[in-house]
Amino acid sequence: DPGMLPRRNYAIMQIRGNRSQSSRLWLYRQLKDPYVRMARRDGYRSRAAFKLMEIDDKFHLTENIKCAADLGAAPGGWCQVLSQRSSADTKIVASDLAIFDSVDKVEQIVGDFEDEDVKRRLTAALDQKADLIVSDMAPSVIGHAATDHIRIMRLAEAARLFAEEVLKPGGAFVVKVFRGGGEKAFLESLKKNFRTARFFKPESSRDASAEIYAVATGFAPCD
């Protein structure tokens with residue numbers, strides 16, 4: 001009975017079972033990852049919660065926010081951080097293709113963010129200009145770096161356009177991209193409507209990962 005085995009021993013048995021090489025490598029990495037263990041210990045839905053915490057510790061994005069949106073929110077790790085680091089009356093709206101277990105103060109919009117109807121539903125749910133838009137959206141990667149880069153940059157651009165529609169002056173925007181060349185032009189586009197924009201790679205982001213976060217603060221739309 002696997003339920004009678006220590007968690008680590010059962011996981012090792014699972015790794016040694018009939019799995020693909022990529023699956024076994026992923027499981028080994030999960031077992032060794034200190035942020036996976038910390039997420040379990042502290043009750044976070046995913047190790048990604050620590051990425052947003054590091055970003056917030058660096059840029060102080062959640063101070064005094066009253067309205068925020070989390071794009072690509074499942075399984076809810078970033079929502080947990082937003083909920084914990086904001087006041088009781090803060091409105092938080094989250095969107096994802098998948099529904100996830102509820103998080104205090106968070107309203108979920110289920111659907112494809114690239115669908116215009118989903119964006120309209122998100123805007124209606126916010127019901128006011130937002131202080132903060134965060135996006136950890138990523139495509140289903142295929143392992144071809146150039147293609148994966150193009151796909152995530154398309155999502156990042158969609159998130160940017162949405163943020164510039166719903167943010168209040170002075171608001172902030174965080175979005176995940178992959179390195180690959182197009183991220184530099186993307187950062188320059190952010191600088192047109194934000195006072196500051198820079199890249200930041202949290203320590204909790206794996207060294208081997210191409211992901212990096214664009215952090216833009218002081219929304220000041222051009223007339």
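Rules behind the numbers
- Residues numbered from 1 in each chain as written.
- Predicted model: local features only at pLDDT ≥ 70, side-chain atom pairs only at ≥ 80, totals over all residues.
- Heavy atoms only, no water.
- Pairing = 2+ DSSP bridges.
- Helix = DSSP H or I, 4+ residues; strand = E, 2+ residues; numbered from the N terminus.
- Axes fitted to C-alpha atoms, helices over the stretch in contact; angles between N-to-C directions.
- Buried < 20%, exposed > 50% of the residue type's maximum accessible area, 1.4 Å probe, protein only.
- pLDDT = per-residue confidence, 0-100.
- Contact = heavy atoms within 4.5 Å.

**A word on the sheet that holds strand S7 (residues 211–219)**
Strands sit in the order S3-S2-S1-S4-S5-S7-S6 across an open sheet of seven strands; the sheet is mixed. In the strand order of this sheet, the two ends are held by strand S3 (106–110) and strand S6 (194–200), each with one partner. Each neighbouring strand pair of the sheet contributes to a mean axis angle of 15°, computed without reference to strand direction. Taken together, the five bridges between strand S4 (residues 130–135) and strand S5 (residues 167–178) define a ladder with parallel strand orientation.

**Comments concerning unusual backbone geometry**
Here the bond from Ala74 into Pro75 is cis, since omega is 5°, no more than 30 degrees from zero. In this structure, Pro75 sits in the loop between strand S1 (67–71) and helix H5 (77–84). Its identity is not glycine, yet His60 carries a phi of approximately 55°, on the positive side. Mapped onto the elements of the fold, His60 is located in the loop between helix H4 (48–59) and S1.

**Describing the pairing of S7**
Summarising burial for S7: nine of the nine residues are buried, a large majority. Of the pairings in the sheet, the one linking S5 to S7 comprises six bridges and is antiparallel in character. Its bridge partner lying in S7, Lys176 is registered against Tyr213. The pairing of S6 with S7 spans six bridges and is antiparallel.

**As for the confidence of the model for the protein**
Overall, the prediction assigns the protein a mean pLDDT of 88, with 85% of residues at 70 or greater. Confidence drops under a pLDDT of 50 for residues 1–18, and excluding neighbours within four residues, the segment shows 13 contacts in the predicted structure.

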